[in-house]
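A look at the structure
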Amino acid sequence: MYVCTECGEQLDCSSSFLKHQEKHRKEKPYACNLCDKHYKKSSHLTRHLQTHTADKPYTCNICGRGCRVSSDLVKHLQIHTGEKPFKCDECGKSFCHSSSFFKHQRIHSGDKQFICPQCGKGFIQSADMITHQRTHTGEKPYACTECGKMFGRPSNLVKHQHVHSVKKPLVCSDCGKSFTKLHALILHQRKHTREKSCTCNECGKNFNTSTALISHQRLHTGEKPYTCNECGKSFRLSTALISHQHIHTGEKPFTCNECGKGFTQLPTLRRHKKIHTGVKPYKCGVCGRGFHRASSLVKHDRTHTGEKPYTCSECGRSFTVSSALVRHKRIHTRDKPQICGECGKGFIDSGSLGVHRRLHTGVKPYKCEYCGKQFTQSQHIKIHLRGHTGERPYVCTDCGKSFVQSTVLIRHQQIHSGEKPFKCNECGKCFRWSSSLLKHQQIHICR
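Rules used in this analysis
Residues numbered from 1 in each chain as written. Predicted model: local features only at pLDDT ≥ 70, side-chain atom pairs only at ≥ 80, totals over all residues. Heavy atoms only, no water. Helix = DSSP H or I, 4+ residues; strand = E, 2+ residues; numbered from the N terminus. Buried < 20%, exposed > 50% of the residue type's maximum accessible area, 1.4 Å probe, protein only. Contact = heavy atoms within 4.5 Å. Areas by Shrake-Rupley, 256 points an atom, 1.4 Å probe, with all protein chains shown as cover. Salt bridge = Lys/Arg side-chain N within 4 Å of Asp/Glu carboxyl O. Expected span 1.5 Å × (residues − 1). Patch = residues over 30% accessible without salt bridge, like charges linked within 9 Å, V, L, I, M, F, W, Y side chains within 5 Å. Lys, Arg positive; Asp, Glu negative; His and termini not counted. Charge placed at Lys NZ, Arg CZ, Asp CG, Glu CD. Phe/Tyr/Trp six-rings, centres within 6.5 Å; stacked < 30°, edge-to-face > 60°.

**Brief notes about the overall build of the chain**
- Broken down by element type, the chain carries 16 helices and 32 strands.
- Residue burial in the chain is summarised as follows: out of 447 residues, 27% are buried.
- In the chain, once contacts between residues fewer than 6 apart in sequence are set aside, the share between residues at least 24 apart is 12%.
- When the accessible surface of the chain is totalled, it reaches about 29000 Å², and 50% of it is carbon and sulfur.

Here you go:
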C-alpha cells in the first residue's frame, strides 16, 4: 500500500502512486533544481533554496545564532524569553510553537498517518517518513557545491558547509584554535585558565558556562524539556534528542573511513576508531586484559569483584551495568519497541534487532582466525576463541573454579550462596534461574 503524503490517498501499486504524484507536481510549478522538490509559490521555493546554502541573514542579538527567515528568528527568541503559549490539555506540557504543539498531540492520539511503503513503519510527520525512506533507497539529494559530498538531510549539509565557508579570525593564543565569535573564544579560554564562574546552588559544582550549569541543574530538578515527537520519550539535552531521533529515521551520519560502519553519534564513532588502532591503554590489574576506554575497565573490574550496583525494583535482580538493568526491566513490562521489518518480531533493544536481522540476511561478520568458523555476534566469537586459547577469565572466589562465561560463574556462585532470586508471583516458590521459573509458570498457565 502506497500512501500519498500530500493528500493521504492510498494506492495499491507503485505505477499508480507515481502517476498520482504527478498531479500534485502540476499543482506545484516551482521546482528546486537541486533536490527536485516542488512548491505552489515562488516565495516557498526561495525559502527552501536557503536550506542548500549556509546563508542565515537574521541574527539573534542575545546568542548570535543565525536564522534563514525572520519568522524563524521570532520563534527562536521565545527560547530566551521562555514564552510557551501553546499548552496541551492532556498532560499540561507547553510549547513555543503551534506546529510543535500539534505534533505533540499526535502522541496522545497515536495518530501516525504517514506509512512507509517499504517496511510499514508509521510516522507522525511526512518529513520524517521521507527522511526514513532514504534509508531504503540510499538517496542523498543534498550536495555540497564545494566538495561534492552528499547528504540525506539539509541540516547535515548546512553543518558541513561551515567547514568551507566560515572564516575564523579569532585565534586562541594558548593552543591556536580559531573561532568566529568573541564569546566563543572567551568560553574556550576558560578551559586553559580552568575558570569556572557558574556554580550550582544545589551541590556546589562549578561550570565554565551558564548553559552547562542549566543542563546540570536538570539532574536535580528532573526536568527533561526535549521530547521526541515519534515516541514521546524526553531528554535533558537537545543533543541527546537529536541522537535518539536517528533511531526512528535509521540515519547513521557518522561513518568510519576504515571499515565503512555507520554510527548515530560522533562520540561512538571516535570510540569505534580505537578498535582499528589496536591501542588498549587501560589494563586490568587482576587479569591483565586491555580496554580502549576507562569506563569499559570499570565495568570489567566488576566481573572480578562481583559488584552489581544496579538492582531491579520488581524482582531484586542486580546487574553490573545500567544498560543491562534497562533491558531487563522490559521483561516485566513486556515492552519490545524494536520491530523487524521482515517478520514483525519485536525486540527489547536495537542491538538485539540488528543481530536478529542477520538471520534473514545470512550475514556472519565475525570469523575465527584459528578455524575459520563464522558467527553472527561478537560475544559468540569471544567465547569460541577461549576454546582455542584455554582462557577462563571468570574465577569463583569461594572454590577457585574458573569459567569461560560470566553467566556460568554467576549460576555457579548461587550454589555456594543458596540464592534463589526468581520468585513465582502465583505460589511464591523460588528458583535459582529464570529459565526454571519460566518452566514452572507453565503449570499455572495450563490450569
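Now that the structure has been shown, the text picks up again.
**Description of the pattern of salt bridges**
- Applying the stated criterion across every chain yields a total of three salt bridges.
- A salt bridge links E307 to R302, with the shortest nitrogen-to-oxygen separation between them at 3.9 Å.
- Judged by its relative accessible area of 13%, R302 falls in the buried class.

**Points about helix α14 (residues 378–389)**
- Its twelve residues place the ends of α14 17 Å apart at the C-alpha level, agreeing with the 16 Å of an ideal helix rising 1.5 Å per residue.
- Three or more residues of α14 are buried, namely I381, H384 and R386.
- Of the surrounding secondary structure, the elements contacted by the buried residues of α14 are β27 (366–367), β28 (374–375) and β29 (394–395).
- Residue G390 follows α14 closely and has a positive phi angle near 80°.

**Quick look at the side chain of T376**
- Along the chain, the position of T376 falls in the loop between β28 and α14.
- Overall, T376 belongs to the buried group, its relative accessible area being 18%.
- Setting aside chain neighbours within four positions, we find T376 in contact with R358, V363, K364, P365 and Y366.

**Regarding the environment of L241**
- Looking at where L241 falls in the secondary structure, it is placed in helix α9 (residues 238–249).
- Judged by relative accessible area, L241 falls into the buried class, the value being 11%.
- Expressed as a C-alpha distance, the spacing of L241 and P225, which sit 16 residues apart in the sequence, is 9.9 Å.
- In contact with L241, other than residues within four places in its own chain, are Y226, T227, C228 and F235.

**Things to note about a positive patch on the surface**
- Taken together, the side chains of R271, K274, R293 and K299 make up a positively charged region of the molecular surface.
- Mapped onto the elements, R271 comes out in helix α10 (residues 266–277).
- Classification of R271 as partly exposed rests on a relative accessible area of 32%.

**Structural notes on the environment of S155**
- With respect to the helices and strands, S155 occurs in helix α6 (residues 154–165).
- Expressed as a C-alpha distance, the spacing of S155 and Y142, which sit 13 residues apart in the sequence, is 9.5 Å.

**A closer look at the side chain of H356**
- Along the chain, the position of H356 falls in helix α13 (residues 350–361).
- Assessed through its relative accessible area of 9%, H356 is described here as buried.
- Setting aside residues up to four positions removed in sequence, H356 forms contacts with C340, C343, K345 and F347.

**Brief notes about the packing of aromatic side chains**
- In total, this model carries one aromatic pair according to the counting rule given.
- Seen in terms of ring centroids, F86 and F101 are 6.5 Å apart; in terms of plane orientation they differ by 20°. Their pairing is stacked. Taken together, the positions of F86 in strand β7 (residues 86–87) and F101 in helix α4 (residues 98–109) put the pair 15 residues apart, joining distant regions of the chain.
- A relative accessible area of 12% places F101 in the buried class.

As far as function goes, none of this settles anything; it's purely spatial.
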